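Notes for the structure review
Take a look at the letters that make up each chain.
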Amino acid sequence: MIKAVTGTKDILPDEIPAWKVVEKTIERIFRNFNYKEIRTPVFEETSLFARGIGEETDIVGKEMYSFTDRSENNITLKPEMTASVVRAFIEHSLGKQQSLNKLYYVSPMFRQERPQAGRLRQFHQFGAEALGSTSVYLDVEMIQMAYEILKELGLKDLNVKINSLGTPESRNLYKEKLRKFLSDKKDKLSEDSRKRFEKNILRIFDSKDEKDKKIMKDAPLLLDNLDNESKDSFEIVKETLKLSEIPFKVDPYLVRGLDYYTKTTFEIVSGKVGSQNALCGGGRYDLLVEQLEGEPTPGVGFAAGIERILLACENEKTLNLPENKIDLFIACLNDELAGKVFEIALNLRRKNISVECDYLNRSLKAQMREANRLKAKYVLFVGGDEYKNGLANLKNMETSEQRLVSLNKIDSILLEVFNV
Ligand code: AMP
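Residues numbered from 1 in each chain as written. Predicted model: local features only at pLDDT ≥ 70, side-chain atom pairs only at ≥ 80, totals over all residues. Heavy atoms only, no water.

Observations regarding the domain arrangement of the protein
Spelled out, the test is: Here the limits of each domain have been adopted from an automatic or database domain assignment.
You can read the domains of the protein as domain 1 (16-167 + 227-316) and domain 2 (328-417). The C-alpha centroid of domain 2 is placed 49 Å from the C-alpha centroid of domain 1.

As structure tokens, this is what we get:
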């Protein structure tokens, strides 16, 4: 039997209502903040991600689904959206049409990570990117939007963590400091961290290795070595978050995996989803557009994982899902009237009434079982003695009340009943 590829997941009809709630909430909140949706292709040229995300990151180094297509193009299934949005922004000169572009997306992403709870190889992210302004209020806006969406979904056990990575200049100075600090301790680091020492030294802070953690406890912190500009904007971030009544913690160890961040970074984690607890993350990336050969344009954004959010919602039992009811089931009492039933169904469906009928030649009893399973609000019985007079019985399934109605007028009767 062929099964779904490891790390991918079918989203079955029973799970869809929860997805819809999340998607509707996303749309509503982004609309409130005036973000416009953008959709980009599922695959891109590999070099976009290599250049945009950074060769030394886990995503590019280990996790991308890359292949050569039949025309020898190097293609990658998108592992994240920022590089794609920036590519589209540059390609279509969006910055020339308006000076600030506020964009959002919902899209599948692909990373060849080790699958576990909350970690898939095809998963879905939503997120936003604001391109064209250095305003620190946009940094806060990202956190506000992410937080509002999670709160709207009923999540309570949330921790907002923020940090500043400074400007590239102050970060480089700091990296030198860190390198000096670690130079005589390097041999005691884990193998992974020794590699990071050479390639991406900040990521040593991400290490889960206990020995590494002990060493890094005494390491100088980037947050204590910020330039004045980054320090000032970090103060505004904190102040504004307080005013927005969003609880947060400063986490000087939050370096995040991607190379392109500058200044503000943040993450929101849930206490309810196990080890893969980051629901979303983001930050400012003032140099990325330039790095991808666009006009220098500051940017800030975040991305959140839908599967992980749904897991948190399930564990906190937050979602009140609407019951999936159908308006009308048409029970057919006479096989010969199947075509007539089908015609009535179409007419009502065209009036926005949801209708189901029988396609399996079932007995009346079995048809009624089906109507109950579908939670039909009404059942129309077509084909009894009354049919000769153009009438049919309409039963209200909630009250069990039954009345004779004229089939000629069935649409106006039902439109009134359902208030369509
Ligand atoms: P990142 O782009 O790595 O900052 O991830 C942003 C968010 O996407 C994370 O906080 C997760 O919620 C989600 N995410 C990232 N990788 C995965 C994955 N492999 N499976 C499921 N969700 C993921």
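Next comes the rest of the description.
Topic: the site of the ligand
Defined as follows: Here a residue is considered near a molecule or strand provided that any single heavy atom belonging to it is located within 4 Å of it. Any pair of nitrogen or oxygen atoms within 3.5 Å is treated as a polar contact; in protein, a donor-acceptor pairing is required on top of that, and neighbouring residues in sequence qualify only through side-chain atoms on both sides. To measure how exposed things are, a 1.4 Å probe is used in the Shrake-Rupley method; for residues, cover is taken only from the protein chains shown. By definition, any uninterrupted DSSP run of H or I lasting at least four residues is a helix, any uninterrupted run of E lasting at least two residues is a strand, and each is numbered from the N terminus.
In the vicinity of the ligand there are 14 residues, among which Arg111, Glu113, Leu120, Arg256 and Ala278 approach most closely. Between Glu113 and the ligand, the recorded distance is 2.7 Å, taken from a side-chain N or O atom to a nitrogen atom. The backbone of Leu279 places a nitrogen or oxygen atom 3.0 Å from an oxygen atom of the ligand. For the ligand, whose accessible area on its own is 480 Å², the fraction buried by protein is 91%. Top element by residues in the shell around the ligand is strand E10 (residues 278-284). It accounts for 3 residues.

Some words on the sheet that holds strand E9 (residues 262-270)
Note the threshold: Pairs of strands are assigned from DSSP output, requiring at least two bridges between the strands. The contact rule is simple, with two residues in contact once any of their heavy atoms fall within 4.5 Å. Each axis is a line fitted through C-alpha atoms, taken for helices only over the stretch in contact, and angles between the N-to-C directions span 0 to 180 degrees.
The 8 strands lie next to each other as E1-E5-E6-E11-E10-E9-E7-E8, forming an open sheet whose pairing is mixed. Of all strands in the sheet, those with a lone pairing partner are strand E1 (36-37) and strand E8 (248-250), marking the two edges. The pairing of E1 with strand E5 (residues 101-110) spans 2 bridges and is parallel. Counterpart to Glu37 in the pairing with E5 is Tyr104. The sheet contacts of helix H4 (residues 82-91) involve E5 and strand E6 (122-131), and relative to E6 the element is tilted by about 45°. Lying over the sheet, helix H10 (residues 228-243) contacts strand E7 (158-164), E8 and E9, oriented at roughly 160° with respect to E7.

Structural notes on the pattern of salt bridges
So the rule is basically this: Salt bridge criterion: a side-chain nitrogen from Lys or Arg within 4 Å of a carboxyl oxygen from Asp or Glu. Only protein chains enter the area calculation, which uses a 1.4 Å probe; residues under 20% of their type maximum are buried, those over 50% are exposed, and those in between are partly exposed.
Inspection of the entire model under this criterion finds 31 salt bridges. Between Arg51 and Glu293 there is a salt bridge, with its nearest N and O atoms 3.1 Å apart. Of the two residues, Arg51 is situated in helix H2 (residues 46-53) and Glu293 in the loop between helix H11 (288-291) and strand E11 (299-305); the sequence distance between them amounts to 242 residues. By relative accessible area, Arg51 is classed as partly exposed at 40%. By relative accessible area, which is 64% here, Glu293 ends up exposed. The closest approach of N and O atoms between Glu235 and Lys238, which form a salt bridge, is 3.2 Å.

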